[in-house]
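# Topology and contacts: notes
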Amino acid sequence: MGWIDRMFEKGRLRSIVRAVAALRGEALSPALESAVVDTARALKPEALGPGLRSSYPALVLVFARQLADANGRLASSHWSAGGGRNVGMDVLEARGRAMGVLVAVAARRPAPRRPLSEIAEALEGLIAAQRNGAGDADGYGLGTLREIQRDIALLALAESVARN
């Protein structure tokens, strides 16, 4: 990555931090700001396509909140389960799988007419698999997926109301 690319990337990240702060109506905590930057680096607007471009800051916030939560848990031994596994890892893994669903739905061709609603519906399958699978004894991964689904469903509802 050349210096011009780094300059544009730095500007893009500053812009998304401002947009997310405006959505929240307040300045971001250092932990959340860091999570927004990390999420925006991993989840590029191009991966979402034109149907989700207007929702990009809100989607970054949804996933950044989970990353900040996971990082906070990972920083403390209090969140380690009996087997020594920190539940922050469950949050991170669930977040990553949910981001994969987001990108997969956005990549569908033809493009979904209601992408946010389709993402929320697609997360239901991920939630069922998480509930039935082993490895999330404390339920933090399941809770993370439910929170992400709820937040995306609320975005879909707001988008639907705005259209009508």
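Let me begin by describing the structure that accompanies this report. (Residues numbered from 1 in each chain as written. Predicted model: local features only at pLDDT ≥ 70, side-chain atom pairs only at ≥ 80, totals over all residues. Heavy atoms only, no water.)

Assigned secondary structure in the protein chain consists of six helices and zero strands. In terms of overall size, the protein chain behaves like a compact globule, its C-alpha atoms giving a radius of gyration of 16 Å where 164 residues would be expected to give roughly 15 Å. For the protein chain, the C-alpha atoms occupy an extent of roughly 45 × 35 × 30 Å along the three principal directions. In the protein chain, which comprises 164 residues, the share counted as buried stands at 41%. Across the protein chain, every contact between residues at least 6 apart in sequence was considered, and the portion connecting residues at least 24 apart equals 63%. Here the protein chain contributes 22 positive and 17 negative side-chain charges, whose respective centroids are spaced 5 Å apart. (Helix = DSSP H or I, 4+ residues; strand = E, 2+ residues; numbered from the N terminus. Rg over C-alpha atoms; globule rule 2.2 N^0.38 Å. Buried < 20%, exposed > 50% of the residue type's maximum accessible area, 1.4 Å probe, protein only. Contact = heavy atoms within 4.5 Å. Lys, Arg positive; Asp, Glu negative; His and termini not counted. Charge placed at Lys NZ, Arg CZ, Asp CG, Glu CD.)

Attention now goes to the packing of helix H2 (residues 30–42) against helix H3 (residues 56–74). Between H2 and H3, the shortest axis-to-axis distance is 8 Å and the interhelical angle comes to 120°. Relative to H3, H2 is oriented oblique. With respect to the hand of their crossing, H2 and H3 are arranged in right-handed fashion. Where H2 approaches H3, its residues Ala31, Leu32, Ala35, Val36, Asp38, Thr39 and Ala40 are matched on the opposing element by Tyr56, Val60, Leu61, Phe63, Ala64, Arg65, Leu67 and Ala68. Looking at the contact of H2 with H3, its residues break down into 12 nonpolar, one polar and two charged. (Axes fitted to C-alpha atoms, helices over the stretch in contact; angles between N-to-C directions. Parallel < 35°, antiparallel > 145°, perpendicular 65-115°, else oblique. Left-handed = near helix turned anticlockwise from the far one by under 90°. Nonpolar A, V, L, I, M, F, W, Y, C, P; charged D, E, K, R; others polar.)

Where helix H5 (residues 115–132) contacts helix H6 (residues 140–163), the two axes come as close as 9 Å, and the packing angle between them is 165°. With respect to H6, the axis of H5 lies roughly antiparallel. Helix-helix and strand crossings are classified by hand; for H5 and H6 the assignment is left-handed. Contacts between H5 and H6 involve Leu116, Ser117, Ile119, Ala120, Leu123, Glu124, Leu126, Ile127, Gln130 and Arg131 from the former and Gly141, Leu142, Leu145, Arg146, Ile148, Gln149, Ile152, Ala153, Leu155, Ala156 and Glu159 from the latter. Looking at the contact of H5 with H6 residue by residue, the classes come out as 13 nonpolar, four polar and four charged.

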